[in-house]
There are 2 protein chains.
Amino acid sequence: MKYETYKKLAPAALGKVKADTIFKNCKIVDVFTGEVVDGNIGIKDGIILGVSRSMQGRKEIDLKGAYVCPGLIDAHLHLESTMVSPAELVATAAACGTTTFIVDPHEAANVSGADGINYILDQTEKSPANVFVMLPSCVPATDIDDNGCMIAANDMYPFIGNPRILGLGEVMDDDAVINGDPRMFAKFALFEHQTIDGHAPFLPNRMLSAYKMAGVDTDHEASSFEYALEEVRRGIHVHIREGSAAHNLDDIVSGIVEKGIDTEHFSFCTDDKHIEDIVRDGHIIYNVRRSVELGLNPFKAIKMATINTAKCYGLKHMGAIAPGYQADLLIFDNMKDFNVIDVYFKGKRIDPKAEIKVRKCPAALKRTVNLDKVSASDFALPIKNKETHIVGMKPKQIETLDLVEKIPKCDNFTPGGDYLKIAAVERHHRSGKIGVAIAKGYGIRGGAIASSVSHDSHNIIVIGDSDEDIALAVNEIARVQGGYTVVENGKVFETLPLPIMGLMTDVNFAEVDKKLGKMKKKAYDMGVSKDFDPFITLSFMALTVIPELRITPRGLYLAKIEEKGFIK
Amino acid sequence: MKYETYKKLAPAALGKVKADTIFKNCKIVDVFTGEVVDGNIGIKDGIILGVSRSMQGRKEIDLKGAYVCPGLIDAHLHLESTMVSPAELVATAAACGTTTFIVDPHEAANVSGADGINYILDQTEKSPANVFVMLPSCVPATDIDDNGCMIAANDMYPFIGNPRILGLGEVMDDDAVINGDPRMFAKFALFEHQTIDGHAPFLPNRMLSAYKMAGVDTDHEASSFEYALEEVRRGIHVHIREGSAAHNLDDIVSGIVEKGIDTEHFSFCTDDKHIEDIVRDGHIIYNVRRSVELGLNPFKAIKMATINTAKCYGLKHMGAIAPGYQADLLIFDNMKDFNVIDVYFKGKRIDPKAEIKVRKCPAALKRTVNLDKVSASDFALPIKNKETHIVGMKPKQIETLDLVEKIPKCDNFTPGGDYLKIAAVERHHRSGKIGVAIAKGYGIRGGAIASSVSHDSHNIIVIGDSDEDIALAVNEIARVQGGYTVVENGKVFETLPLPIMGLMTDVNFAEVDKKLGKMKKKAYDMGVSKDFDPFITLSFMALTVIPELRITPRGLYLAKIEEKGFIK
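Below is a short write-up of the structure. Just so we're clear, the structure is a prediction, and the values are computed from it rather than from any experiment.

Residue and element names in this part refer to chain A. In this fold, Glu-242 is placed in the loop between strand E12 (237-241) and helix H9 (249-259). We note that Glu-242 is buried and unpaired, the nearest opposite charge coming from Arg-290 at a distance of 6.7 Å. Side-chain polar atoms of Glu-242 contact the side chain of His-247, separated by 3.0 Å. When sequence neighbours within four positions are dropped, the list of residues in contact with Glu-242 reads His-247, Asn-248, Leu-249, Asp-250, Cys-269, Thr-270, Lys-273, Tyr-286 and Asn-287.

Cis geometry is adopted by the peptide bond preceding Glu-548 of chain A, which originates at Pro-547 of chain A and carries an omega value of 0°. Inspection of the secondary structure puts Glu-548 of chain A in the loop between helix H16 (536-539) and strand E25 (549-552). Pro-140 of chain B follows Val-139 of chain B through a cis peptide bond whose omega is 0°. Mapped onto the elements of the fold, Pro-140 of chain B is located in the loop between strand E8 (130-135) and helix H5 (153-156). In this structure, Phe-338 of chain A is a non-glycine residue whose phi angle is positive, near 50°. Along the chain, the position of Phe-338 of chain A falls in the loop between strand E14 (329-332) and strand E15 (340-345).

A few words on the interface of chain B and chain A. Across the contact, 58 residues belong to chain B and 58 residues belong to chain A. Contact between chain B and chain A buries roughly 4,900 Å² in total, counting both sides, with carbon and sulfur atoms accounting for 55%. Considering only the surface of chain B that becomes buried against chain A, Tyr-6, Arg-206 and Met-213 of chain B emerge as the three largest contributors, covering 17% of it. Linking chain B to chain A there are 8 salt bridges. Among the salt bridges present, the one from Arg-233 of chain A reaches Glu-35 of chain B, with a minimum N-O distance of 2.8 Å. Summed over the shared surface of chain B and chain A, the result is 25 residue pairs in polar contact (both at pLDDT 80 or more).

Next up on the list: the pairing of strand E13 (residues 266-269) of chain A. Residue and element names in this part refer to chain A. Residues of E13 alternate between two faces, with Phe-266 and Phe-268 on one and Ser-267 and Cys-269 on the opposite face, all of them buried. Bridging between E12 and E13 involves 4 bridges; their strand directions are parallel. Opposite His-239, over in E13, you have Ser-267 as the bridge partner. After leaving E12, the chain enters H9 and then returns to the sheet as E13, a path that is right-handed.

All names here are of chain A. For Ile-463, the position within the fold is in strand E22 (residues 460-464). Given a relative accessible area of 0%, Ile-463 falls into the buried group. Between the C-alpha atom of Ile-463 and that of Ala-87, which follows or precedes it by 376 residues, the distance is 31 Å.

Mapping chain B onto chain A is achieved by rotating through 180° and translating by 0.0 Å along the same axis, at an RMSD of 0.1 Å. These values place the two chain copies in the arrangement generated by a two-fold rotation axis. Within chain B, the C-alpha atom positioned nearest to the axis of rotation is that of Glu-264 of chain B, 4.1 Å from it. Looking at chain B, 100% of its interface residues are interface residues in chain A too, so the copies touch through the same face.

Residues and elements named next belong to chain A. Across the sheet, which stays open at both edges, the 8 strands sit in the order E18-E17-E20-E19-E22-E21-E23-E24 with mixed pairing between neighbours. Since the sheet does not close on itself, it has two edges, and those belong to strand E18 (400-406) and strand E24 (491-497), each with one partner. In this sheet, neighbouring strand axes are inclined to one another by 25° on average, regardless of whether the strands run parallel or antiparallel. Relative to E22, strand E19 (residues 419-425) runs antiparallel, the two sharing 5 bridges. Among the inter-strand pairings, Ile-422 is bridged to a residue of E22, identified as Ile-463. Here helix H15 (residues 509-525) sits on the sheet and contacts strand E21 (447-451), strand E23 (483-488) and E24; the angle it forms with E24, its principal contact strand, is near 145°.

Rules behind the numbers
Residues numbered from 1 in each chain as written. Chains lettered and ligands numbered in written order. Predicted model: local features only at pLDDT ≥ 70, side-chain atom pairs only at ≥ 80, totals over all residues. Heavy atoms only, no water. Helix = DSSP H or I, 4+ residues; strand = E, 2+ residues; numbered from the N terminus. Buried < 20%, exposed > 50% of the residue type's maximum accessible area, 1.4 Å probe, protein only. Lys, Arg positive; Asp, Glu negative; His and termini not counted. Salt bridge = Lys/Arg side-chain N within 4 Å of Asp/Glu carboxyl O. Polar contact = N/O pair within 3.5 Å; in protein donor to acceptor, adjacent residues only side chain to side chain. Contact = heavy atoms within 4.5 Å. Buried area = accessible area lost by both parts, 1.4 Å probe. Pairing = 2+ DSSP bridges. Right-handed = clockwise from strand over helix to strand, strands pointing away. Least-squares fit on C-alpha atoms with pLDDT ≥ 70 in both. Axes fitted to C-alpha atoms, helices over the stretch in contact; angles between N-to-C directions.

Below, the structure is given as structure tokens:
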């Protein structure tokens, strides 16, 4: 602790003067020992002075036996992929008990580079929560991606030493790691004393070992307990993900409970959780509650949401209720239901109804869709080979299947039955690149859906059953400078503009939610399978680091572990 | 991992070429999950490539089902206080399974400053173990100490950035911390991103909170479970100490077992363990074995000796068997007896019979006793007050009691009954300072025992029942430039020279041990209580940071929490 800070706090810690605030009659969850300790918590200048029964404060709050644990930590998330402004997302989740967010702004970075990262830092600077940034490691995600900006090791220097930067963001380009690409190791070298986040869905044994050996510290892509176990045994800290798109918690936590393994190397994250889901279920508190429902010891669950994560990221003064720790506190009713009573950030109560101040977005970040008008003929798909690769969309998953089927030869494939057209349209550099393919499983009829949210390069992704509607949807996205749109029988049904980098809205959640609800309903009415979120699932179809088959502006990309490359 | 290192290791990790060594048929203790995993361990260039059943190596060692855990870590020790050369102590303990030593060279620093620290770094550079240094924080221990050299924050700069320096060594001057001495906080600031070791025996609640809040991360002075619990609840990582002088393990571990608290914030240390005890009982493996005997889960015990400590000190590549970790391995028979079969450091077997190479000691470090001849009259102790403070030596403890008794007034106190004379003689700067007092409990008759090992200032400490023998013992220590001596009835019975800073021998342990055994036997024959080690216990009597009453060259010092100062 700094000398000046200590000098201010010490008289109150030593009981010579009163603390700012005392929480009395608390059941304190001690994350160091795994006990509940009855006591009072003393706070001054947003710092915990200590736990004691005799402390006095200028303000005393009687918790009447309620439980208090440290504010929760989301170990990994992307603020830009929830559509609303970062400030609104953070404030909403903070009111549910998450007081620390470890964000990877790689969506913003893929569109607008360092300006995108600075936008996230700036927008969250005055949030009622700690927002830390992992510097995006894979911008673009891989060498074969067409994105807006590139971030090399050299571009990272201006961020080094910033206390809000905790390390290197999720390393998705596992090929670059495993094959020893010197450009990737230059980034590793910059962060060797901080944390390096991984992204390793389904690496086989030896590759996973090599990936860890290279320097990766964490992963949040484990979707089964078996794989999570393989990772933890290698010393990879596993962030158990439960968000709007990916639901990995039940399988992993059930495995932990059944096998009885240690949990210090597990944390919780959301990765992507939309505001409507947060409002309905809570944020990281949902992961805690659900884990306890599945039989996990409640202390272990709370530790996975607090101290485990703080230690993983070197946050020495967060994640515990002890002297010198930041006074981020979650007050709740009991260790089973975990109903949130109140949340405190730096010793101040978070008012869930407080007005959220959103800072102005720089104008350049609102003009990022750079694309010539497209027409139906741009989406023609001639079938020339005996066998055709088809994107098999899997229910409730972001992975796809590489289906290989016999489709009759023709000059332009016509969607029908369960077959649709899916396309990715480059939108950063007016390159005219458009990739078109067949998709199965999504289920829309009589129109098209398009989005400029399309991980990780955020080109325009579109799916539909007619070339005209597909072209109309893409042109509509360009018109509004990014967003979601639903087109039905030659007419735009509704568009949700997301003008900030084509990712985020400049209005508030309530307005977004209303429009989005209407658009989702229409999408389901048009036949989209209830196993998908019409927009979120679509937004992952171009992501080249997820198996098995992805659509990109350069065409279909095979993303299997054993075989990678464009389909000719 | 560095790019060049990865490039060398990756082909073997990926199974494209053979590893250097494969340990086959191991029962691997997984410190991340708390399981035993059956498998093979692959190693190249001293680094673990991974655990797999199919790996091949140029050399294959069949362990036939033996257990393998990471090499053990001693979280806190002083190499200089074991008399033998640092290289010999480390090699001896390493052969017992301790492959990482976190040492605080404050004994050497108190005598010879930065030269003393560099001596320890140099002597252990080629040891078959990792020897890391915590930079001594309290040299001298407190403002009232008379030592050889002073180390201020400015003197620490040359050591910053040295990868063998892990942080700031035990902060014994709790007054300086709690009262906010800016000189102490200048040292804290230097190490805010590393680990700051504490030293906090029996601080009352609020003071302990303030001490932690100031920035202290660890403590190894807890001698009871109750106190350890108070520390851990405050986020202080507790090193459970079991050495030659202090025996805290049984009480603390029994409490942990009984209360069932979490153990991630506990580690093991020896602090001071002499070579004869190491050879007889083992080193940190003794702490593990004894803890399991006391009912601690064996995985928890091993974690307290490995990963817990590695994480506490930011040693990212030690304390586990996983890809990228250093191949420091302990092979043992079972999880109950923990008999050591073999120890590997950086993938190479430690040969317990290997010749220990001791580097030459700089000549200046062998001329550190700087003292004029003393005579019996220097130790006269007039009794002038009604009540006299007496150093009450406690069986098996380094703490003392402040006994206040009515001693008849006289010009020079004469030892008798259970009363002895104890004195501390300044020996660094020829200042002539000598403090004399009465001690009780030690039990020598017919002579005196003296030592230049006398924490932490390492003046000469002497105890006996006649002024003549006391003077003779002190002069003998000066003659040999430091060591231990036993004087009986006006004659030197035997002297063990410790010429390196007055702390360490320049011969090997076998010679030291023979002589020491003879000297100890004589001490016990002369009446020294079996509850004490005649020399080690004596060596703590001048330590001003331990309660309650200490003898220093300036006189008796009261070291109670509530009351401190010299006795007039």
